[in-house]
Each structure stands twice: as C-alpha cells, then as structure tokens.
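The lines below spell out each chain.
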Amino acid sequence: MTTQKTSSLPAILLACTVGLVAAGCGDGSTGASGNSGPPTPPGSVPAEFDVAPGVQRVTVTRAVPGQPLTLVDGSGQRLLTLLADDLGQATFAYLPAEHTVVDTTTGTLPPSAGGAPVQPGDGYVIRDEDRDPPAVSASFRILARDDHAPASHYEQEVVGVSWNIIGGPKPGYDASEGVNYLVMRDGVTLSAMVRTPDESFYGSGPWPTVIEYSGYDPSNPDRPQPGTLIANAFGFATVGVNLRGTGCSGGTFDVFDPAQQADAYDVVEIISRQPWVRGGRVGMVGLSYSGITQLYAAATRPPGLAAITPLSVIEDPWQMSWPGGIYNAGFTKEWLQERDNQAAPGGQSWTARRIEEGDTECEENQKIRTQSIDFEAFVNSLERRPADSDARDLSRLVRDIEVPVFLTGAWQDEQTGPRFAGMLRDFDRAERTYFTLFNGHHPDGYQAFHLSKWFDFLELYVARRVPRVNELVRAALPGEMQNSFGAPIELQPDRFADLGDDDYEAALARFETDPPVTVLFESGAGPGVPGSPTHRFEATFGRWPPADVEAWTLYLDAGERLSTEMPATASADAFEFEPEAGPIRYSQTGGGSFIAPTTELQLDWSYTPDGYGLSYLTEPLDETVVLAGPGYADLWVQTDAGDAPIEIVLSEITPDGNEVRIQTGVQLAGYRRIDEERSGPLLTRLLFGEDDYEPLPTEMTLVRVPIFDVAHPLRTGSRLRVQINTPGRDLPLWFFDNPDPGPGGARYRIGRGGMQASAIVLAVLPIGTIDVPDDLPPCGLLRGQPCRPYVEMTNAPG
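These figures come from a predicted structure and were not determined experimentally. Sequence order as written defines residue numbering, which begins from 1 separately in each chain. In keeping with the predicted nature of the model, local features appear solely for residues at pLDDT of at least 70, side-chain atom pairs appear and are counted solely at 80 or more, and the whole-chain, interface and lining totals rest on all residues. With hydrogens and water stripped out, all remaining heavy atoms of the structure feed into the side-chain values.

Asks: Explain the overall build of the chain to me, and be specific about the residues and the numbers.
Replies: Looking only at helices and strands, one finds 14 helices and 39 strands in the chain. Only C-alpha atoms enter the radius of gyration, while the globule expectation follows 2.2 Å times N to the 0.38, with N the number of residues. Taking 2.2 N^0.38 as the reference for a compact globule, 798 residues should give roughly 28 Å; the C-alpha atoms of the chain span a radius of gyration of 28 Å, in line with that estimate. Buried residues are those whose accessible area, probed at 1.4 Å on protein chains only, stays under 20% of the maximum for their type, while exposed residues exceed 50% and partly exposed ones sit between those limits. Looking at the chain as a whole, 64% of its 798 residues qualify as buried. Between two residues, a contact is recorded if the distance between any of their heavy atoms is within 4.5 Å. Once local pairs closer than 6 in sequence are excluded, the contacts in the chain between residues at least 24 apart make up 75%. Each accessible area is a Shrake-Rupley estimate made with a 1.4 Å probe; only the visible protein chains count as cover when residues are assessed. Carbon and sulfur atoms make up 50% of the accessible area of the chain, which amounts to about 28,100 Å² in all. Put simply, the chain has 58 plus and 108 minus side-chain charges, and the middle of one group is 2 Å from the middle of the other. A run of H or I in DSSP counts as a helix once it spans at least four residues, and a run of E counts as a strand once it spans at least two, with each numbered from the N terminus. Two residue types count as positive, namely Lys and Arg, and two as negative, namely Asp and Glu; His and chain ends fall outside the count. Lysine's charge is taken at NZ, arginine's at CZ, aspartate's at CG and glutamate's at CD.

Laid out in structure tokens, this is it:
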C-alpha cells in the first residue's frame with residue numbers, strides 16, 4: 001500500500017484559504033461551504049451542497065445528480081445553470097454570452113464563442129431555483145490570480161526520495177516515497193514528485209532546487225521528465241508538479257489560464273520554504289510545455305523564485321491555434337486533442353498504476369475531471385480573439401518578470417513555432433536575460449552546447465555557487481546525446497576552472513559579461529555528425545532584434561523580380577486559391593522524430609503548382625546579406641471572394657541551383673488593423689478581435705502580412721526568393737484550415753508598382769557586421785530548413 005503525503009493544515013486554515021472570503025478567518029467561519037457565511041436571503045433556505053470558489057472558477061460538490069445549479073453574480077444576474085453530473089458535481093469556469101442551462105452529464109460544457117471566463121469579484125451565490133423556496137449558498141468571492149493565500153498557507157511539509165546520479169531511486173528506496181500533494185489556495189491538491197540528488201556525489205543537502213511544472217507527467221514517480229532528469233544528474237533537487245486537471249492532480253483542466261498561473265505561484269512558495277532547499281529560493285526548468293509554464297509562473301512574481309530557464313516556448317496561445325487568424329489544424333489541434341484525452345478521468349496510464357498501488361488522493365482527484373471542457377472544440381470555436389486572451393498572452397505577461405531568464409528557441413520550431421521571438425523585446429523588468437537563438441528543431445534546447453550555459457546559469461542564479469560539472473556527468477553526457485540527438489555532443493569546457501570554490505562573485509561577474517543574445521547560425525552543418533544540432537558560427541548582440549538592423553525593402557516587379565526601386569508603372573499578378581494546400585505538410589513523421597539528424601528525416605517539401613502562387617527573386621547578391629529580425633509584406637490585394645488566406649515564404653536560391661527554406665508568415669486578409677501601440681518599425685502585431693475583422697472590398701486593398709523573426713545569411717551569388725500562395729505545404733507539422741471561398745474558388749490579384757506597389761520589408765544587419773564563412777552548407781543539413789532543387793514558377797498576369 002502506497003502512502004501519500006498531503007500537506008497537513010488545520011481545517012480552519014483550509015477554510016480561510018478556500019476562496020479567501022470567510023468573513024472572519026480565524027474566528028471559526030467555515031469559509032466556502034454552502035451553509036456558511038452571510039445569512040441566507042429572505043425567502044430561501046440554506047443549500048446543502050458544498051461550494052469551493054477558486055481563481056476565476058467555482059466548483060460545486062455534494063449536490064444531487066441532475067440538480068440545477070445557477071451561478072448568480074453580486075448584482076443578482078443569473079449567469080449560467082449547470083445540471084450536476086452523476087457524482088453531484090459542477091464547475092463554472094466559462095460563461096456563455098447569455099444565460100443558458102447545460103447538462104454536465106453530456107460532457108458538453110458551454111465554452112461558446114462570445115462568452116468569457118468567470119470574473120473575479122464578491123457577492124456570487126449558487127442557487128437551486130427548482131426548490132420552493134430556492135436553496136441558496138452563502139455568498140462568496142471568485143478569486144483573481146493575484147489574490148494570494150496567507151503566508152501560513154505555504155508552510156506545508158514536502159518530502160523527497162534520493163535519486164541515483166545515473167537515474168532511478170537509490171537502492172533501498174521506493175520512488176513513490178517522493179510523491180506529495182500540495183494544497184493550493186482553493187483547496188485543490190496538486191501531485192508533486194520530489195527527487196533529491198545523489199548524496200554520494202552531492203552531499204546531504206540542503207540542495208539547490210528546481211521545479212518542472214506541466215500537464216504531461218512530471219509527477220510520475222517512475223518516469224522523470226527530461227529537465228528533471230538532467231537537473232538531478234547535475235546535483236539539483238527536483239520537484240515535478242502536474243497542473244490541475246492532469247495526472248494525479250485535482251481540479252479541472254484548462255490551457256494556461258489564471259488558475260494555473262496562481263497555482264504556479266503557490267507551488268513556488270510552498271517548495272521554496274522547505275528546509276532541504278538551498279538558499280530558500282528555487283529555479284524552474286523544462287522545455288515546451290514545462291518551458292512555457294515557467295513564463296506564466298515568473299509573471300506572478302513569487303518571492304521564492306530565483307530564476308527560470310524556459311526552452312522552446314510560445315507567445316500567445318490564441319495565435320498558436322489561429323496563426324494569422326487561420327486555424328492551425330495540424331500540431332496545435334492535435335496537441336489540444338491529446339490534452340483533452342489525458343485530462344479525462346484516468347486519461348494517463350500512470351495514474352491508473354498509482355491508484356492500483358493505493359494512491360487514494362489520486363483516485364479522488366479523478367472524479368472532478370468530468371467537468372473539464374473539450375478544449376480543442378472550445379479553441380476551434382474562437383474564430384475571433386477574445387479580449388480575455390490577454391490574460392494568457394505572454395508578450396504582455398513577460399513584462400512583469402523580474403528574475404533572471406535563460407531562454408532558447410529555434411526560428412523554425414516545428415511544434416511551438418517562431419512567434420516567441422517577437423516577445424524577446426518585452427522582458428523589460430527582468431534582472432538579466434540570456435537568449436540563445438538558432439535555426440533548428442523543437443528538442444534542440446537540450447543539446448549539450450545549450451546545457452553548458454543552462455547549467456552555469458542555474459548554478460550562479462539558483463545555487464549561487466561557482467559552477468562545477470561532476471566529472472561522471474561530463475563523461476556520460478556524450479553517450480546520452482548520442483542516444484537522443486544521434487551525435488556524441490560534449491559539454492563546453494569549464495569556463496571557471498581558474499576560480500576557487502569561494503570565488504562566486506568573480507564567477508558571476510564573468511558570466512554577466514556575456515551579451516544578452518547569442519545567435520547560432522547554420523545548425524546542422526557544424527562539426528560532428530551531419531545534420532546534428534551543432535552550428536557553424538555564431539554572433540552576439542545586446543538585444544533582439546539587434547539595435548543596428550536596417551530595413552531591406554524589396555518591391556514586387558515585372559519579370560518575377562524583386563527590385564530595390566519602386567516600379568513606376570502599376571500592374572498586377574494573380575493566383576488561384578489552392579484548396580488542397582491547407583492540409584499539406586512537408587513531413588509525415590511525428591514530432592518526436594525531429595530530434596534526429598536531418599539526414600535521417602523523411603521530408604517532402606513540395607512545389608506550389610503554377611497558377612496557384614507567385615514567385616519573385618532578387619538578382620544574385622553582390623555581397624553577403626544577413627537577415628536578423630522580423631519582417632512583413634505590404635501587399636495590395638484584390639479579390640471578389642471577400643477574404644484571402646495568404647502565406648509568404650522566404651527562401652534562398654543558392655548558386656548551385658538549390659532552394660533552402662528560411663521563414664514564413666501567414667495571414668487572413670480580413671484582419672488588417674495594426675496594434676500601433678505594440679508594434680515597431682519592423683515588428684507588426686495585428687488585432688484579431690470581433691471588431692477588428694473586415695472583409696476585403698472588391699478594390700485593391702493594402703494588407704500587411706507579418707513575417708516571423710529569423711536569422712540567416714544570404715551569401716554572395718545567392719538570390720532571395722519570395723513566394724505568395726495559399727497557406728500550406730511549407731511547414732512540417734502545422735497545416736491550415738483555410739476558409740473555403742466556395743464552389744467557384746477565388747482569384748487573388750497582387751498589385752505591383754505605381755500606387756499599388758507591393759513590397760517585402762526585412763530586417764538585415766549592416767554589411768560586414770559579422771563574418772560569414774564563404775562556403776555554403778551542404779543541401780539538406782540545416783536543421784529546420786529543408787532544401788530542394790530550385791524550380792521556376794511562372795506568374796500569371798493579373
């Protein structure tokens with residue numbers, strides 16, 4: 001029988017923290033229960049069900065199955081009625097635009113477009129109106145993200161299990177001894193797995209500690225996540241925590257909502273207070289899901305957080321699902337479907353094992369999962385960006401981050417995409433930022449080159465000691481890199497070998513001389529195994545994009561040319577909507593395959609048929625040009641179809657006749673309003689709200705298509721190619737549900753010259769800023785940048 005550690009708190013403290021609304025916390029009030037608080041309104045009776053308010057949600061339990069439960073706000077407005085499920089449960093998280101009744105036993109909750117999350121505030125009640133007189137709960141407060149629990153709430157006991165440096169629990173230990181349940185401010189418990197480092201190598205503690213927080217399985221005692229495994233080997237205690245509504249954690253699932261953000265604050269504060277945590281402050285680790293959550297956590301500014309290391313992240317969740325206003329029917333849809341499946345009761349196989357082994361807390365926490373909404377269907381319904389999406393938009397939230405940040409990302413990330421780079425300028429308040437950017441794939445943040453600086457960063461800002469890599473780890477890591485990336489990549493040499501263990505300030509000062517931005521070029525063509533994540537050359541900058549970038553403006557011209565001078569005569573080219581393009585991607589392999597060398601990937605970057613796209617090229621360059629930042633296309637567009645899904649594809653045509661993909665941009669032309677306040681000379685942020693969409697008129701109209709950030713050298717003799725077509729076929733895992741113009745199709749005219757001079761504007765470094773090797777990398781080696789023989793495209797006249 002497995003014993004679970006649930007943090008022990010007095011019942012009165014729990015009652016006070018559940019909702020933080022009891023009129024007299026500490027005076028015997030029972031807080032959020034249905035028969036407590038202010039007197040029952042005249043003409044009603046006290047409700048017998050229990051009410052647990054939380055951050056922008058409230059859950060009812062112990063109701064009668066099928067009982068109609070109405071959420072009423074402080075003004076008396078009826079917001080939503082839910083029929084309790086078969087266990088007598090109901091969770092109010094999203095509200096439709098108008099009051100409606102929903103039977104939660106059908107599995108269909110009302111996350112309808114036009115609705116919004118439950119808003120923080122006082123005076124809410126739950127009412128059963130079918131009773132005569134009606135049964136009404138005590139009034140309660142719905143919490144906001146920053147409504148913290150009392151400091152005493154975070155004094156929870158958490159224990160760990162010693163972990164072998166080569167993986168697995170130390171002999172004589174059971175991995176499940178490290179399983180804990182952390183109590184959040186609303187009473188929900190989150191599953192946490194604590195692993196302390198191998199005492200044979202790292203002593204008896206206290207240890208520097210990091211948290212990995214996601215909806216995968218970070219609290220699975222039998223399967224550490226990669227960030228946890230690496231950090232443990234490097235001498236850190238690790239805490240893997242499952243988001244609410246996932247794994248063995250309680251609560252209902254959501255995607256990066258304020259409740260998850262508030263939980264992250266609570267987790268950091270609970271863990272940082274443990275006696276085995278060195279220095280009383282923790283770091284965070286993780287790539288992808290557990291990288292993204294770090295940014296949300298740090299934006300809540302928990303005092304116990306020392307630093308974060310987010311790898312391969314996103315920016316705005318809505319635009320992950322609707323890039324440019326077009327539904328991402330590829331990776332993002334599939335990811336959301338997987339989250340929905342795993343958030344179902346028993347949706348992850350390891351939780352069933354925990355329950356079979358006697359984890360009663362895990363079993364109890366599965367019951368409320370019936371109240372989780374279908375997020376893929378929800379997001380698919382959000383054709384216009386809701387205003388409350390700002391609460392999850394990291395380009396807005398990272399401005400609140402104050403701790404040091406180490407971040408890596410790939411311009412061509414096949415899963416999370418390149419949009420993250422647009423927010424790098426928004427870390428206004430962070431104490432220090434270290435960004436490493438490169439061409440490549442989603443998993444590449446864990447290759448040894450990055451881990452070298454990742455380790456130094458954590459040692460200096462979390463452990464607060466001179467970095468010293470354990471020699472066993474240094475010797476073993478190339479083998480792990482071989483197993484993962486197909487290449488025995490080594491850690492970088494110890495840059496602090498000349499310093500003593502007591503020279504911490506000198507080590508920190510040396511590290512802080514590093515520029516904030518490092519850009520790695522031509523990853524895949526570096527030393528070692530061809531196609532593996534090693535780069536050829538690098539450059540450093542004080543910011544991203546670099547302060548000295550210039551705008552390179554290229555006009556669409558006759559003869560399929562890109563010209564630096566605006567053509568005087570107005571004309572146009574045209575292409576047809578390609579209905580088959582949307583679901584085409586250039587890789588049929590799963591996301592996990594992209595960790596391998598590019599030589600092992602099966603890629604098929606297909607060509608746009610003549611008539612279904614446009615192509616324009618520069619003359620062969622007479623000097624090397626380095627792209628370094630975002631860009632955009634200003635296109636004059638005319639169609640009778642009312643709208644136009646547009647993709648811009650940048651590629652390099654090399655002197656040897658090959659074409660190398662560089663970057664893309666996608667945009668639905670109906671969204672043309674620019675967020676002037678948050679855009680810049682080269683960065684364009686568009687608005688996607690209900691009032692921001694306007695169909696295209698039948699005359700020529702200016703449409704701006706943002707192009708994602710990138711860094712790429714165009715050598716002397718190469719040509720830059722710009723293609724304009726229907727979104728699809730130019731990405732490996734993203735594909736698009738393009739709006740169907742109808743049975744007649746659609747024809748798009750793109751103006752050029754005169755008063756309708758369409759142009760491409762790209763960020764480039766001043767000539768000669770960095771040294772670029774003269775020789776081209778072999779075709780097909782660059783990570784994230786497929787290569788194919790160049791084939792001309794004939795533009796149709798418009």
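Structure shown, so let's carry the discussion forward.
Asks: Give a detailed account of the nonpolar core, specifying residues and quantitative values.
Replies: Nonpolar side chains in soluble globular proteins tend to be buried together. Judged by nonpolar contacts, the single largest core of 138 residues is most densely connected at Ile271 and Phe427. At 8 residues, strand 30 (residues 625-638) tops the list of elements feeding residues into this core. Beyond its immediate chain neighbours, meaning those up to four positions away, phenylalanine 427 contacts Leu295, Val398, Ile401, Val405, Leu407, Thr433 and Phe435. In this description, a nonpolar core means a group of buried Ala, Val, Leu, Ile, Met, Phe, Trp, Tyr and Cys residues linked to one another through side-chain atoms lying within 4.5 Å.

Asks: I'd like a rundown of the state of the cysteines, residues and numbers included.
Replies: Joining two cysteines, a disulfide is a covalent bond between their sulfur atoms. The definition used for a disulfide is geometric: two cysteine sulfur atoms within 2.5 Å. Inspection of every chain in the model, using the stated rule, returns 2 disulfides. Two residues, cysteine 779 and cysteine 787, share a disulfide whose sulfurs are 1.9 Å apart. Handedness of the cysteine 779-cysteine 787 disulfide follows from its S-S torsion of about -110°: it is left-handed. Across the chain, the way the bonded cysteines pair up, counted in sequence order, is 1-2, 3-4.

Asks: If you had to explain the environment of glutamate 357 to someone new, which residues and values would you point to?
Replies: By the element assignment, glutamate 357 lies in the loop between helix 8 (349-356) and helix 9 (360-365). Using a relative accessible area of 39% as the deciding quantity, one classes glutamate 357 as partly exposed. For the pair glutamate 357 and isoleucine 770, spaced 413 residues apart in sequence, the C-alpha to C-alpha distance is 59 Å.

Asks: Break down the confidence of the model for the chain for me, with residues and values.
Replies: Parts of the prediction with low pLDDT should not have their coordinates interpreted in detail. Confidence in the prediction for the chain averages 92 pLDDT; 94% of positions are at 70 or higher. Under a pLDDT of 50 for its full length, residues 7-36 has, in the predicted model, 68 contacts with residues more than four places off or in other chains. Think of pLDDT as the predictor's per-residue confidence, scored from 0 to 100.

Asks: Give a detailed account of the sheet that holds strand 4 (residues 57-61), specifying residues and quantitative values.
Replies: For two strands to be treated as a pair, DSSP must find no fewer than two bridges joining them. Spatially, the 3 strands line up as an open sheet ordered 3-4-7, and their pairing is antiparallel. Whereas interior strands pair on both sides, the edge strands pair on one side only; in this sheet they are strand 3 (50-54) and strand 7 (90-92). Direction aside, neighbouring strands of the sheet carry axes that sit 15° apart on average. Both strand 3 and strand 4 contribute to a ladder of 5 bridges, which runs antiparallel. Bridge assignment links valine 51 to a residue of strand 4, and that residue is valine 60. Helix axes are fitted to C-alpha atoms over the stretch in contact, other axes to C-alpha atoms as well, and angles between N-to-C directions run from 0 to 180 degrees.

Asks: Give me the lowdown on the packing of helix 12 (residues 448-463) against helix 14 (residues 504-511), citing residues and values where you can.
Replies: One way to put it is that helix 12 packs onto helix 14 with a least axis distance of 10 Å and a crossing angle of 135°. Judged on the interaxial angle alone, helix 14 and helix 12 are oblique. Like other packed secondary-structure pairs, helix 12 and helix 14 cross with a definite hand, here left-handed. Listed contacts from helix 14 to Lys453, Asp456, Phe457, Leu460 and Tyr461 of helix 12 are Tyr504, Ala507, Leu508 and Phe511. Ten residues, namely Ala, Val, Leu, Ile, Met, Phe, Trp, Tyr, Cys and Pro, are considered nonpolar, four, namely Asp, Glu, Lys and Arg, are considered charged, and the remaining ones, Gly among them, are considered polar. Per-class residue counts for the contact of helix 12 with helix 14 are 7 nonpolar, no polar and 2 charged. For this classification, under 35 degrees means roughly parallel, over 145 means roughly antiparallel, 65 to 115 means roughly perpendicular, and everything else is oblique. In this scheme, a crossing is called left-handed if the near helix is turned counterclockwise away from the far one by less than a right angle; it is called right-handed if the turn is clockwise.

Asks: Residues and numbers for helix 4 (residues 258-272), please.
Replies: Given the number of residues in a helix, its expected span is that number minus one, multiplied by 1.5 Å. Helix length check: helix 4 (15 residues) gives 21 Å between terminal C-alpha atoms against 21 Å at 1.5 Å per residue, within 8%. The buried fraction of helix 4 amounts to 15 of the 15 residues, a majority that puts the element mostly inside the structure.

Asks: For the side chain of threonine 598, give the residues involved together with the corresponding values.
Replies: As for its placement among the helices and strands, threonine 598 is situated in the loop between strand 28 (571-576) and strand 29 (613-617). Among the polar contacts listed, one links the side chain of threonine 598 to the backbone oxygen of glycine 780, at a separation of 3.1 Å. Between N or O atoms, a polar contact is any pair within 3.5 Å; within protein, one atom must be a potential hydrogen donor and the other a potential acceptor, and residues adjacent in sequence are included only when both atoms are from side chains. Polar side-chain contacts of threonine 598 include one of 3.0 Å to the backbone oxygen of leucine 781. Residue contacts for threonine 598: discarding those within four places in its chain leaves His441, Gly531, Gly780, Leu781, Leu782 and Arg783.

Asks: Help me get a handle on the pairing of strand 16 (residues 189-196), residues and values and all.
Replies: Of all 8 residues making up strand 16, 8 are buried, and the element is well covered by its neighbours. Burial along strand 16 is two-sided: the face carrying Thr189, Ser191, Met193 and Arg195 and the face carrying Leu190, Ala192, Val194 and Thr196 are both buried. Looking at chain direction, strand 15 (residues 179-183) and strand 16 are connected through 5 bridges and run antiparallel. Its bridge partner being in strand 16, valine 183 is matched across the sheet by threonine 189. Inspection of the sheet shows strand 16 paired to strand 18 (residues 237-242) by 4 bridges, in the antiparallel sense. Among the inter-strand pairings, arginine 195 is bridged to a residue of strand 18, identified as threonine 238.

Asks: Which residues make up a nonpolar patch on the surface, and what values go with them?
Replies: Taken together, the side chains of Ile166, Phe201 and Leu472 make up a nonpolar region of the molecular surface, amounting to roughly 310 Å² of accessible area. Examined against the element boundaries, leucine 472 turns out to sit in helix 13 (residues 471-485). Among the residues examined, leucine 472 registers a relative accessible area of 39% and is labelled partly exposed. Exposure above 30% relative accessible area and the absence of a salt bridge qualify a residue for a patch, where like charges join within 9 Å and nonpolar side chains (Val, Leu, Ile, Met, Phe, Trp, Tyr) within 5 Å. The working definition used for a salt bridge is a side-chain nitrogen of Lys or Arg within 4 Å of a carboxyl oxygen of Asp or Glu.

Asks: Give me the packing of aromatic side chains: which residues, what numbers.
Replies: For Phe, Tyr and Trp, rings pair up if their centres lie within 6.5 Å, where Trp contributes its six-membered ring, and each pair is then called stacked (planes under 30 degrees apart), edge-to-face (over 60) or tilted (otherwise). Scanning the entire structure with this criterion turns up 29 aromatic pairs. A centroid spacing of 5.3 Å and a plane angle of 45° characterise the contact between tryptophan 318 and phenylalanine 688, whose relative ring orientation is tilted. Of this pair, tryptophan 318 sits in helix 6 (residues 317-321) while phenylalanine 688 sits in the loop between strand 32 (658-668) and strand 33 (701-714), and the two are 370 residues apart along the sequence. Pairing tyrosine 434 with phenylalanine 457 gives two aromatic rings, centres 6.1 Å apart and planes at 75°, and the pair type is edge-to-face. Of this pair, tyrosine 434 sits in strand 23 (residues 433-438) while phenylalanine 457 is found in helix 12, placing the two residues 23 residues apart along the sequence. Tyrosine 434 gets classed as buried once you look at its relative accessible area, which sits at 2%. Residue phenylalanine 457 is classed as buried on the basis of its relative accessible area, which comes to 0%. Site record: aromatic cluster; members linked through ring pairs are Trp318, Trp322, Tyr327, Tyr671, Phe688 and Tyr693. In this analysis the charged atom, NZ for Lys or CZ for Arg, is taken to sit over a ring once it is within 6 Å of the ring centre and within 35 degrees of the ring normal. Here the guanidinium or amino end of arginine 195 rests over the ring plane of tryptophan 163, the centre of that ring lying 4.6 Å away.

Asks: Lay out the pattern of salt bridges with the relevant residues and their values.
Replies: One pass over the full model with this rule turns up 57 salt bridges. Its salt-bridge partner being arginine 57, residue aspartate 254 comes within 3.4 Å of it at the nearest N-O pair. With aspartate 254 in the loop between strand 18 and helix 4 and arginine 57 in strand 4, the pair connects residues that are 197 residues apart, well separated along the chain. Overall, the relative accessible area of 4% leaves arginine 57 in the buried class. The residue arginine 273 makes a salt bridge to glutamate 269 at a minimum N-O spacing of 2.8 Å. With relative accessibility at 32%, the residue arginine 273 sits in the partly exposed group. Classification of glutamate 269 by relative accessible area gives buried; the value is 5%. Through salt bridges with shared partners, a single ionic network connects Glu315, Arg399, Asp426, Asp428 and Arg685.

Asks: Describe the pairing of strand 23, with residues and values.
Replies: The element strand 23 is largely enclosed, with a buried count of 6 among its 6 residues. Neither face of strand 23 is open: one carries Thr433, Phe435 and Leu437, the other Tyr434, Thr436 and Phe438, and all of them are buried. Bridge count between strand 22 (residues 405-410) and strand 23: 6 bridges; the pairing is parallel. Paired with glycine 409 across the strands is leucine 437, a residue of strand 23. In this sheet, strand 24 (residues 517-521) lies alongside strand 23 in parallel orientation, the contact comprising 4 bridges. Paired with threonine 436 across the two strands is threonine 518, which belongs to strand 24.

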